[in-house]
Amino acid sequence: MSDRSTGAVGAALVPDAPTPPTTEAAPAADTPGCAQPPQPAPLAPGARFFPSLAAVYRAQLSRARVARIPLLFVATFQSVGIMILMRGVVDGGSEARAVVAGSSVLVVAFVALNLLAQYFGQLRAGGGLDHYATLPVPPASVVLGAAAAYASFTLPGTLVTAVFGCLLFGLPMSGLWILAAVVPLAGAALAGLGAALGLLAPRQELATLAGQLGMSAALLLGVLPPERMPDVIVWARDLLPSTYGVEAFARTFEASPDWAAVVFDLGVCAAVGVLSLTVATWAYRRAAVR
């Protein structure tokens, strides 16, 4: 037998050698050192209205606390001085009730209308709205928080003015509790108006002028007795939001107050407050995006 035949028979009898396992290619994603595509970070939930309102209110309250004593002194001294001047002209009756009620609400107008118009005018001119625009808070909470902080200082001055007026003109003090409703409702209406004037004015000087004119209108149309005014002035008086707060407060000095009329006047103040604060919120959005 030849060597070739022997080799062929041996190859047939010997089993096949195991073949080495084939290594499959690993996925590209599992390869070490391969960069992963960046994933967008989840956004934080939007801030809720009432917590944002409380935060803005506390911040504005601490800021305005520095000027609290001068603010109360100026607003109260102005209203008390007006009542002393009117004492030589008015003796009593409905005219005395109008003077005391108008002078008391004038404290609210001085702060909520005049000073708030100046504040928002200055905030817009100095670029302060850019700071609030970057905060994740609703625009309404900024307007309401600032308005509520400024209006919070009016209640002590209003109460002092009302007590002094009652003593000066001999009016009863049993109805002074109505100030707990008159001050916030009239303050909301006037604060919304003041904020809208400050945000809509193209220049800071015009915002200051608008606030001064608004306070002068509240002084002339709210303190002076309507019986001595011409009809045109009386119609203009009905357009002023603070008039209804004055009327509601003045009715409580009567021997038998018309509580239905008091509730109606307070309801008008509340409706005007909602409308004016809505306009102020729109004006804030408009000024913040420019």
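See the structure above.
Remember, predicted model here, so these are calculated numbers, not experimental data.

## A look at the packing of aromatic side chains
Then, in step 1: The full count for this structure, using the stated rule, is four aromatic pairs.
Then, in step 2: Seen from their ring centres, phenylalanine 73 and phenylalanine 77 are 5.6 Å apart, and the 15 degrees between their planes marks the pair as stacked. Placement of both phenylalanine 73 and phenylalanine 77 in helix α3 (residues 68-87) is noted, with a separation of four residues, approximately one turn of the helix. Here phenylalanine 73 matches phenylalanine 77 in class, with each residue exposed.
Then, in step 3: Here tyrosine 119 and phenylalanine 120 contribute two aromatic rings whose centre-to-centre distance is 5.4 Å and whose plane-to-plane angle is 70 degrees, an arrangement assigned as edge-to-face. A single burial state applies to tyrosine 119 and to phenylalanine 120, both of which are buried.

## Brief notes about the pattern of salt bridges
Then, in step 1: Taken as a whole, this structure holds three salt bridges when the rule is applied.
Then, in step 2: For glutamate 205, the salt bridge identified is with arginine 203, shortest N-O distance 3.6 Å.
Then, in step 3: Classification of arginine 203 by relative accessible area gives exposed; the value is 55%.
Then, in step 4: A salt bridge links glutamate 247 to arginine 237; its shortest N-O distance comes to 2.9 Å. Of this pair, glutamate 247 sits in helix α11 (residues 241-251) while arginine 237 sits in helix α10 (residues 231-238); the two residues are 10 residues apart in sequence, bridging distant segments of the chain.
Then, in step 5: Since its relative accessible area comes to 22%, glutamate 247 is described here as partly exposed.

## As for the nonpolar core
Then, in step 1: Ranked by size, the top nonpolar core spans 66 residues in total, and within it Leu116, Tyr119, Phe120, Phe169 and Phe249 carry the most contacts.
Then, in step 2: Here this core gets 18 residues from one element, more than from any other, and that element is helix α4 (residues 93-125).
Then, in step 3: With near-sequence residues (within four places) excluded, phenylalanine 120 lies in contact with Val143, Ala146, Ala195, Gly198 and Leu199.

## Describing the packing of α4 against helix α8 (residues 179-200)
Then, in step 1: For the pair α4 and α8, the least separation of the axes is 7 Å and the interaxial angle reads 30 degrees. Between α4 and α8, the angle is such that the two are roughly parallel. Judged by the sense of rotation from one axis to the other, the crossing of α4 with α8 is right-handed.
Then, in step 2: Partitioning the contact of α4 with α8 into residue classes produces 18 nonpolar, four polar and one charged.

## Thoughts on the environment of arginine 286
Then, in step 1: Note on placement: arginine 286 falls in helix α12 (residues 259-288).
Then, in step 2: Judged by its relative accessible area of 28%, arginine 286 falls in the partly exposed class.
Then, in step 3: Distance in space between the C-alpha atoms of arginine 286 and leucine 199 is 8.5 Å, their sequence separation being 87 residues.

## With respect to the packing of α8 against α12
Then, in step 1: The interhelical angle for the contact between α8 and α12, taken along N-to-C directions, is 25 degrees, at an axis separation of 7 Å. As far as their axial angle goes, α12 and α8 are roughly parallel. As α8 packs across α12, the resulting crossing turns out to be left-handed.
Then, in step 2: A class-by-class count of the residues in the contact of α8 with α12 yields 22 nonpolar, three polar and one charged.

Parameters at a glance
- Residues numbered from 1 in each chain as written.
- Predicted model: local features only at pLDDT ≥ 70, side-chain atom pairs only at ≥ 80, totals over all residues.
- Heavy atoms only, no water.
- Phe/Tyr/Trp six-rings, centres within 6.5 Å; stacked < 30°, edge-to-face > 60°.
- Helix = DSSP H or I, 4+ residues; strand = E, 2+ residues; numbered from the N terminus.
- Buried < 20%, exposed > 50% of the residue type's maximum accessible area, 1.4 Å probe, protein only.
- Salt bridge = Lys/Arg side-chain N within 4 Å of Asp/Glu carboxyl O.
- Core = buried A, V, L, I, M, F, W, Y, C linked by side-chain atoms within 4.5 Å.
- Contact = heavy atoms within 4.5 Å.
- Axes fitted to C-alpha atoms, helices over the stretch in contact; angles between N-to-C directions.
- Parallel < 35°, antiparallel > 145°, perpendicular 65-115°, else oblique.
- Left-handed = near helix turned anticlockwise from the far one by under 90°.
- Nonpolar A, V, L, I, M, F, W, Y, C, P; charged D, E, K, R; others polar.

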